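Remarks on the overall topology
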Amino acid sequence: MTYLSDMSRCAPQSALSNTAKPNHWRLINYESDEVSGTMLAASPLTDAPDVTCPVDAGGWHDIYVGYWHPPIESRVAIKVRLKSDPYFTPIADDEDDELISSTLREAFWKSADLTGEDIVIGQQKKGIAFNGFIAYLRLEPLSDERVQEIRAERADTTTRIVTPTNDGGALLNGKMTTEADICEQIEIYRHSDIGRLDWAVCYGDMTNYSSEVGWNYYEDWHDDPPRVSDKLLSESVKSLIDKGLAPHKVAMKHAHSIGLQFHVMIRAGIGTFAPPMESTGGLFAERPDLRIIDRDGTPLPKLSYAYPEVRQRMLDIIREVADDEVDGINICWMRGVPCVGYEVPVAEEFSKKYGMDIRNVPDNDERLCHLRASYLTEFMRQVRIIADDVTQRRGRPMTVTAMAGGTLDSALQRSMDIRTWVEEKLVDEMVAVEVATQYLHANGVKRILYVGPEGPERYRDAVIKQKETGADGLMVWDMNSVQELTSHWPMLRQLGHSDRIIDTPEDLNQVRRILLKTVGGVDVEHTAPWGGVHGRALVMFTNG
């Protein structure tokens, strides 16, 4: 076992400083009972350059990253890559020491052959930046038998049953302005149980790429964005468009290069918010007459799928992104439903069929539910046609996935006739539905369970449910929002290994804490900052 704990050896030396200095990593000495040395430190505004830590080791090793999480910081983050890696892997931590101690943290990064390698260290400084402190790298040599096990596991695709969704979160916090930024979001999935990535390309007819059909965030919010995150998002989208980059195309290329399937996700609901978050473009602004109408005649801030123009706008966006390289289409009905109300065409059709006023029947009337759902079903039929056309053209299937929560009955009350989608073979996969796996399988449809980015307990519960129900996989919503965190990633990357997750979840909590004695010559063992107390520690500061 080797500790690389003297970060003052990093190159170039011109990027290092013994004091806080813009565009430099600060060198800070530290001591603990287990390891002592000199760490690299950068504040959110430092803008430190990448530096290289010499490794001087050959053969396969497990690589661990040791970093400091000061008691007063809510989150710390750094980036690492081998010299030969194409992109960085981010490592972040948002679990503080509750102001009562100061610890180094150690997290597993990856297993790799270090022959001829060095390790490059970067600051996470895009968008919303954080402090970064890297104290050491620990190298654990691997036996030949263990190397063979690792290679065999990486070659086994049967555990790659996990699909993260990326809803544009990295755009929202300004992290993606270059091709490399996009690829960093995906590089972390290499050699994990991630088998596919579903990437949102639109939110209604608002797109995050330069579209001939829809409109994009930059066009709406570049002058006076309502939130800081919207400013960052707008600048991200503009930067990528100015470079001629479509985020989903860049992401798809790298996902394919590491063996992942890539599906485009369509957020199907079209609507707006109240000021200052209102939309100023797109079909909603062009055609307010296509809005959903409530029972009492109130126009709602959403467009209705009862109108062919609404369905056609979304179909045109799907045609625009469903090229020969995309592996599938995910129609997301998780938000923005129901998409049909009491609009004139709905009322007229109901009256024609049943001779009754639509307002004189309850919302859960089965006839009304089926009528409303028929408009979404017609949309799904057209999606199936688009997918089948691509399948025929390129000679390999384009998968259609639908995300729709609830049971068959509850979904129908929200305009989604899942039974018809399944039995007419309009979908190949259903995500998040509470429908018997056997029913879906009998109709040739896979069942994918849905889990939010809510932490190890929820992930373990989802794996148990997947095993009990016989579901085909797991989809983790907004995984990109937590995948950098050392409290999430050790389990997320192994969700396809159900035996580990269910039987020994404690072994997956790979963040080790080492109590520090001094940092920068200041005692942090016998004292505690900001009023925290541990053991016999002297309180150094209580804010009065």
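Residues numbered from 1 in each chain as written. Predicted model: local features only at pLDDT ≥ 70, side-chain atom pairs only at ≥ 80, totals over all residues. Heavy atoms only, no water.

1. Looking at the packing of aromatic side chains
Under the counting rule described, the total for this entry stands at 11 aromatic pairs. Centre to centre, the rings of Tyr3 and Tyr136 are 5.2 Å apart; their planes meet at 70°, and the pair counts as edge-to-face. Within this pair, whereas Tyr3 is found in strand β1 (residues 2-4), its partner Tyr136 is found in strand β11 (residues 132-141), the two being separated by 133 residues in sequence. Classification of Tyr3 by relative accessible area gives partly exposed; the value is 24%. Residue classification places Tyr136 among the buried positions, given a relative accessible area of 0%. (Phe/Tyr/Trp six-rings, centres within 6.5 Å; stacked < 30°, edge-to-face > 60°. Helix = DSSP H or I, 4+ residues; strand = E, 2+ residues; numbered from the N terminus. Buried < 20%, exposed > 50% of the residue type's maximum accessible area, 1.4 Å probe, protein only.)

2. Concerning the sheet that holds strand β8 (residues 89-93)
Spatially, β5-β10-β7-β8 is the arrangement adopted by the four strands of the open sheet, whose pairing is antiparallel. Each edge of the open sheet carries a strand with a single partner, namely β5 (51-54) and β8. This sheet shows a mean twist of 30° between the axes of neighbouring strands, independent of strand direction. Alignment of strand β7 (residues 76-82) against strand β10 (residues 118-123), held across five bridges, turns out to be antiparallel. Bridging across to β10, Ile78 finds its partner in Gln123. (Pairing = 2+ DSSP bridges. Axes fitted to C-alpha atoms, helices over the stretch in contact; angles between N-to-C directions.)

3. Structural notes on the pattern of salt bridges
In this structure the tally under the stated criterion is 41 salt bridges. The partner of Glu140 in a salt bridge is Arg138, with the nearest N and O atoms 2.7 Å apart. Exposure remark for Glu140: the relative accessible area of 29% places this residue in the partly exposed category. Residues Asp205 and Arg313 are paired through a salt bridge, measuring 2.9 Å at the closest nitrogen-oxygen approach. Here Asp205, found in the loop between β13 (196-203) and β14 (206-207), pairs with Arg313, found in helix α8 (residues 308-321); they are 108 residues apart in sequence, far enough to count as distant. Both residues of the pair, Asp205 and Arg313, belong to the buried class. Linked by salt bridges that have partners in common, Glu34, Glu106, Arg138, Glu140 and Arg512 make up one network. (Salt bridge = Lys/Arg side-chain N within 4 Å of Asp/Glu carboxyl O.)

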